[in-house]
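# Coordinates in review
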Amino acid sequence: MINQSINTIYVSYNSQVLLSESLSSFHSFIDCSNLKFFIVNNDFSSSFPNGLLCKDLNIKFLTPSSNLGFAKANNLAAGQSDSEYLCFLNPDTLVKQDFFTPIIDFINSHPEAGACAPALEYDDGSYQSSAGNTMGFWYDFLEATMLISFSRKRQRNCIEALAESGTPLKVGWVSGACMIIKKNVFDSIGGFTENYFLNYEDIDLCKKLEDAGYQNYIFPGLKCTHLDHKSFESNFELLVYTRYESRLIYSSLHYSAVKRLLARLIHLGGLLLRIVLVNFQYHGKERSGRRTGYLRSLKLYLGLN
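So, a few notes on the structure that sits alongside this text. These numbers were taken from a predicted model, which means no experiment stands behind them.

## Notes on empty space enclosed by the protein
Over the atoms rolls a probe the size of a water molecule, and in doing so it shows where empty space is left. Under the defined criterion, the tally for this structure stands at 1 cavity of 30 Å³ or more. Its boundaries defined by the atoms lining it, the largest cavity holds a volume of some 40 Å³. Lining of the largest cavity is provided by D140, R247, L248, S251, R260, A263, R264, H267 and Y301. Where the lining of the largest cavity is concerned, the elements lending two or more residues are α8 (236-254) and α9 (257-281). Sort the elements by how many residues they give to the lining of the largest cavity and α9 lands first, with 4 residues. Along the lines of polarity and charge, the residues of the lining of the largest cavity split into 3 nonpolar, 2 polar and 4 charged.

## Brief notes about the side chain of N75
Mapping N75 onto the fold places it in helix α2 (residues 69-79). Once residues lying within four places of it in the same chain are set aside, the contact partners of N75 are F186, G190, G191, F192 and E194.

## Things to note about the packing of aromatic side chains
The relation between two aromatic rings is expressed through the spacing of the ring centres and the mutual angle of the planes. One pass over the structure, following the stated rule, counts 14 aromatic pairs. Between F26 and F37 the ring centres are 5.0 Å apart and the planes differ by 90°, which places this aromatic pair in the edge-to-face class. Separated by 11 residues along the polypeptide, F26 in the loop between α1 (16-24) and β2 (35-41) and F37 in strand β2 bring together distant segments of the chain. Each member of the pair, F26 together with F37, is buried. Seen from their ring centres, W138 and F141 are 5.4 Å apart, and the 20° between their planes marks the pair as stacked. Residue W138 and its partner F141 are located together in helix α4 (residues 137-144), separated by 3 residues, close to a single helical turn. Overall, the relative accessible area of 57% leaves W138 in the exposed class. On the basis of relative accessibility, which here comes to 30%, the residue F141 falls in the partly exposed class. Grouping aromatic residues by their ring pairs yields a cluster made of F26, F37, F99 and F100. When the ring centre of Y282 is taken as origin, the NZ or CZ atom of R290, which lies over that ring, is 4.5 Å away. Lying over the aromatic face of Y241, R296 brings its terminal NZ or CZ to 3.8 Å of the ring centre.

## Overview of a nonpolar patch on the surface
A contiguous nonpolar patch, built from V258, L261, L262 and L265 and spanning about 380 Å² of accessible area, is present on the exposed surface. Within the fold, L265 resides in helix α9. The partly exposed category is assigned to L265, whose relative accessible area is 49%.

## Quick look at α8
With 19 residues, α8 should reach 27 Å at 1.5 Å per residue; the first-to-last C-alpha distance of 27 Å fits that figure. Of the positions making up α8, those classed as buried are F236, L239, V240, Y241, T242, Y244, S246, R247, L248, I249, Y250 and S251. Where the residues of α8 are buried, they touch α4, α7 (201-211), α9 and α10 (284-301).

## Quick look at the layout of surface pockets
Approximately 190 Å³ is the volume found for the second largest pocket. If you trace the second largest pocket, you find 15 residues lining it, with G132, N133, Y139, I148 and S151 closest to the centre. Going through the elements one at a time, β7 (131-132), α4 and α5 (148-161) are the ones with two or more residues in the lining of the second largest pocket. Per-element accounting of the lining of the second largest pocket gives the leading share, 5 residues, to α5. Class assignment of the residues belonging to the lining of the second largest pocket gives a composition of 6 nonpolar, 7 polar and 2 charged.

## A short note on unusual backbone geometry
At N199, a residue that is not glycine, the phi angle is positive and equals roughly 85°. Tracing the chain through its elements places N199 in the loop between α6 (183-188) and α7. Positive phi, close to 75°, is recorded for Y200, a residue that is not glycine. Note on placement: Y200 falls in the loop between α6 and α7. What makes Y200 buried here is its relative accessible area of 8%.

Scoring rules and cut-offs
- Residues numbered from 1 in each chain as written.
- Predicted model: local features only at pLDDT ≥ 70, side-chain atom pairs only at ≥ 80, totals over all residues.
- Heavy atoms only, no water.
- 1 Å grid on protein atoms, 1.4 Å probe; cavity = no way out; pocket = protein on both sides within 12 Å on 5 of 7 lines; lining within 4 Å.
- Points joined across faces, edges and corners; volume = space filled by probe spheres on them.
- Helix = DSSP H or I, 4+ residues; strand = E, 2+ residues; numbered from the N terminus.
- Nonpolar A, V, L, I, M, F, W, Y, C, P; charged D, E, K, R; others polar.
- Contact = heavy atoms within 4.5 Å.
- Phe/Tyr/Trp six-rings, centres within 6.5 Å; stacked < 30°, edge-to-face > 60°.
- Buried < 20%, exposed > 50% of the residue type's maximum accessible area, 1.4 Å probe, protein only.
- Lys NZ or Arg CZ within 6 Å of the ring centre and 35° of its normal.
- Patch = residues over 30% accessible without salt bridge, like charges linked within 9 Å, V, L, I, M, F, W, Y side chains within 5 Å.
- Areas by Shrake-Rupley, 256 points an atom, 1.4 Å probe, with all protein chains shown as cover.
- Salt bridge = Lys/Arg side-chain N within 4 Å of Asp/Glu carboxyl O.
- Expected span 1.5 Å × (residues − 1).

Bear in mind that shape data such as this cannot, by itself, settle questions of function.
Shown next, in the form of structure tokens:
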């Protein structure tokens, strides 16, 4: 049983079925008596069908009058929370074990702990990249030049090496798909930065935590299944565009003027490379969606939007 009070926050947009499955997954592994769930329905034009969600859970629905995006929606729910801990959870996640108790126990004994998270995995149990070093100019270079896989491979080796020991690993950022943090710590840094509509909110939050003297941790021995972008399968354009848009926001908040300019130039080159390669890397609807997203992002980086 989870001893501390914890509020779990979902932000939903056209993901009612996924959300229902995520909520249902709690029952097999967790005593939910100390859990309260906030669901922010960003798809304000539709409601949740009767009987779709778990009626025996303590759920509070919040329906803003417009799509707030991920950061504002999470802050809205966090502002109404009265718990000691917050868990931010994506609708396309499945709980396969009680990772809450060991993470909360760790945070209680480590006051420097900021954002903490289990390791994410795909639905077939394979590894999913869900943590990394502090985001900075070097990461931008690796991402733009498509060399980021080498950095991710090193991070994966570190995480998998600690999976059996259960030792938490200090990292620069953890994924907001599943993240646990003390509410007073979250409040002390102002929550999620609301400049972002989608993508990089979690990375920015972790950077603010580090700047405030906290340390972020991933727990390789604890797992949470993340179906990863299932709710984006019909809109790859939005997935691509918001990622590049958020990179500009992040650099404006955390880089010097010179680094901002260099990062923009590097990503311009990366976008041109991706526009060329998209025909070979993807097929069908995903190829056309990503191509449109890259072209929109190119205009944004050239200041043509």
